[in-house]
Amino acid sequence: MLLLTPAQPPPPAIAGRRGLRRAATCFRCSSVRELERSPSPRPGASLPPLREAKRVVLVRHGQSTWNAEGRIQGSSDISVLTPKGEAQAETSRLMLLSDSFDACFTSPLARSRRTAEIIWGGRGDDLIPDSDLREIDLYSFQGLLKHEGKERYGVLFRQWQKNAANFSIDGHYPVRELWDRAQSCWERILAHEGKSVLVVAHNAVNQALVATSLGLGADYFRILLQSNCGASVLDFTPQTGGGPPSVCLNRLNQAGGSAGRKTSKRIILACQGATQSSTETGLGGMGYAPLNMLGVIQSQKTAELLLDLKVSGILCSPQVAAVDTATTICEVQEAADCLGADCVPRYVEMKKLLELEIDDAFQMKQKSFGEKVQSGWLSSMEYRTLEGLWAQSKDAWQALLNELSDDSTSERVLVAVGHPAIQLALICRCLDLPMEYMSSFHLDDGSISVIDFPDGPKGRGIVRCTNYTAHLGRWSIPITQPAENDEAF
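Residues numbered from 1 in each chain as written. Predicted model: local features only at pLDDT ≥ 70, side-chain atom pairs only at ≥ 80, totals over all residues. Heavy atoms only, no water.

## Considering unusual backbone geometry
Part 1 of the argument: Positive phi, normally seen in glycine, also occurs at aspartate 170, with a value near 50°.
Part 2 of the argument: Here aspartate 170 is to be found in the loop between helix H5 (155-162) and helix H6 (174-191).
Part 3 of the argument: Of the residues examined, aspartate 170 reaches a relative accessible area of 41% and is grouped as partly exposed.
Part 4 of the argument: At arginine 222, a position not held by glycine, the phi torsion is positive, near 70°. (Helix = DSSP H or I, 4+ residues; strand = E, 2+ residues; numbered from the N terminus. Buried < 20%, exposed > 50% of the residue type's maximum accessible area, 1.4 Å probe, protein only.)

This is how it looks when you write it as structure tokens:
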């Protein structure tokens, strides 16, 4: 279940007590220069060529004993799953039960391997342990509680918290080493003959796997969150004529719980519900297309999910489906006292934002796929149409940031409602990625994506999840469901 309440400040990653020694072998990073951010990342640029499409599902292990204690685990292998962690793994097993995975790679560390054993269940094939899937090596930090790290290491510990990509300890650069390991893992995962592969590992290494698959550097550490037993889905499609595959992050941190830093500022990107087809909308164009019955249900489910949050404001596209979705969210918020979610009525300001409006071509293209919209579908749009969307997304993103108050003491949750196409552009704006990355993410009708701003709206956005659809119940798209064309997800 997605926990939308603000996360509490987590203890440092988690590892061993004073005097306990790390179990994993550590490797020295060859580079000692300051990390510089790549000026032009390219998704999948460093991945090996593929002959056929492949889907990879990443799952973080369930809560461990050292997670619960607040100890920095790193690559130590002392902690085990708590009863809560076992239950989380069982929930993931049920969530993935209908998927016919061809293989399961796992970290050899006990907390990850036990999670994999529970999820893998009665499947016949053996688990594939890979030492490079172990958690980040944190050397002398492993085993310390947060306050012990602060007291013992001072400035060094603050660097780990504030500038992890350039953090160095015991002659090593842990995050850079982790990125190198993740790249190595992809060579073996993508070389496996299976079309659907499960990977069960850890928080930091799963972050690195997602980032390296998209061509993002170590400065994206802690930007793409991974909660205990949260699942992320990546689709890889071979390129005609060879070369690295195209990559699409179908969803991030699905069913994830609390993770990351405490925040009082949050933007929720809510995709409007499904609309009637172009043949049913008449001469007004797709912008006038109302929600169909499925879209009505999706908007109601989204409104129910957000009821536990006190929404401060809603900005929506002026197009009919977005307005109808936003209105449903607003009405449910304002009925919070009647529904037992609040003791007093709420007032939610709802505004139409012209910059969230999209060209009819996007809705027509989306509808052309039928019920199952393929990952990376934006890549099939005309370049000029994409340019127009990208240009307006800059103003739309700035408008959203302006709506978040700079007052650090007040909580503010802003909901932006629009078509998946404009929401994809906003995710790329948040991550400071170029236009070409829009097709490297995927959003379904009725989904939500959550972006936190622990350092305020002028700070860097932290993506808590994307394309979350579990709240839609029987109307949600299963995490691992492939597209109609079995040759390409």
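## Points about helix H3 (residues 110-120)
Part 1 of the argument: All of the buried residues along H3 are Arg111, Ser112, Thr115, Ala116, Ile118, Ile119 and Trp120.
Part 2 of the argument: Those residues of H3 that are buried lie in contact with strand E1 (54-60), helix H2 (83-95), strand E2 (103-106) and strand E4 (196-201).
Part 3 of the argument: Looking one or two residues beyond H3, the residue adopting positive phi is glycine 121, at roughly 55°. (Contact = heavy atoms within 4.5 Å.)

## With respect to the nonpolar core
Part 1 of the argument: Judged by nonpolar contacts, the single largest core of 89 residues is most densely connected at Trp160 and Phe441.
Part 2 of the argument: What phenylalanine 441 contacts, discounting residues up to four positions off in sequence, is Leu214, Cys248, Leu249, Leu424, Ile427, Cys428, Leu431 and Leu433.
Part 3 of the argument: Core analysis: the second largest hydrophobic core is formed by 25 residues, Ile268, Leu307, Val413 and Ile448 among them. (Core = buried A, V, L, I, M, F, W, Y, C linked by side-chain atoms within 4.5 Å.)

## Remarks on the environment of tyrosine 468
Part 1 of the argument: Mapped onto the elements, tyrosine 468 comes out in strand E12 (residues 462-468).
Part 2 of the argument: The sequence separation of tyrosine 468 and asparagine 253 amounts to 215 residues, and the corresponding C-alpha distance is 8.0 Å.

## A short note on the packing of aromatic side chains
Part 1 of the argument: For the structure on display, the rule yields eight aromatic pairs.
Part 2 of the argument: Ring centres 5.0 Å apart and planes at 70° place the aromatic pair phenylalanine 141 and tyrosine 153 in the edge-to-face group. In this pair, phenylalanine 141 sits in the loop between strand E3 (128-129) and helix H4 (146-153) while tyrosine 153 sits in helix H4, placing the two residues 12 residues apart along the sequence.
Part 3 of the argument: Ring centres of tryptophan 160 and phenylalanine 167 lie 5.2 Å apart, and the angle between their planes is 50°; this geometry places the pair in the tilted category. The pair tryptophan 160 / phenylalanine 167 is uniform in exposure class, with both members buried.
Part 4 of the argument: Three or more aromatic residues link up through ring pairs in this structure, and these residues are Phe141, Tyr153, Phe157, Trp160, Phe167, Trp179 and Phe221.
Part 5 of the argument: Over the aromatic face of tryptophan 160 sits the side chain of arginine 222, whose NZ or CZ is 4.3 Å from the ring centroid. (Phe/Tyr/Trp six-rings, centres within 6.5 Å; stacked < 30°, edge-to-face > 60°. Lys NZ or Arg CZ within 6 Å of the ring centre and 35° of its normal.)

## Re the confidence of the model for the protein chain
Part 1 of the argument: Mean pLDDT over the protein chain works out to 86, with 84% of the residues at or above the 70 mark.
Part 2 of the argument: Across residues 6-38, where pLDDT falls below 50, the model places 104 contacts with residues more than four positions away in sequence or in other chains.
Part 3 of the argument: Low pLDDT (under 50) marks residues 482-489, which in the prediction has 19 contacts with non-local residues, meaning those over four places away or in another chain. (pLDDT = per-residue confidence, 0-100.)

## Overview of the pairing of E4
Part 1 of the argument: Of all six residues that make up E4, six are buried, and the element is covered over most of its length.
Part 2 of the argument: Side chains Ser196, Leu198 and Val200 of E4 all project onto a buried face; the interleaved residues Val197, Val199 and Ala201 project onto the opposite face, where all are buried too.
Part 3 of the argument: Both E1 and E4 contribute to a ladder of six bridges, which runs parallel. Its bridge partner lying in E4, valine 59 is registered against valine 200.
Part 4 of the argument: Bridge count for E2 against E4 is four bridges, and the pairing is parallel. Bridge pairing links phenylalanine 105 to valine 199 in E4. (Pairing = 2+ DSSP bridges.)

## Looking at the environment of threonine 237
Part 1 of the argument: Positionally, threonine 237 belongs in strand E5 (residues 231-237).
Part 2 of the argument: In the structure, threonine 237 is positioned 185 residues away from glutamate 52 in sequence and 6.8 Å away in space, judged by C-alpha atoms.

## A closer look at the pairing of strand E8 (residues 313-316)
Part 1 of the argument: Burial along E8 is two-sided: the face carrying Gly313 and Leu315 and the face carrying Ile314 and Cys316 are both buried.
Part 2 of the argument: Taken together, the four bridges between E8 and strand E9 (residues 349-352) define a ladder with parallel strand orientation. Bridging across to E9, cysteine 316 finds its partner in lysine 352.
Part 3 of the argument: Remark: the E8/helix H9 (residues 320-334)/E9 crossover connection has right-handed handedness. (Right-handed = clockwise from strand over helix to strand, strands pointing away.)

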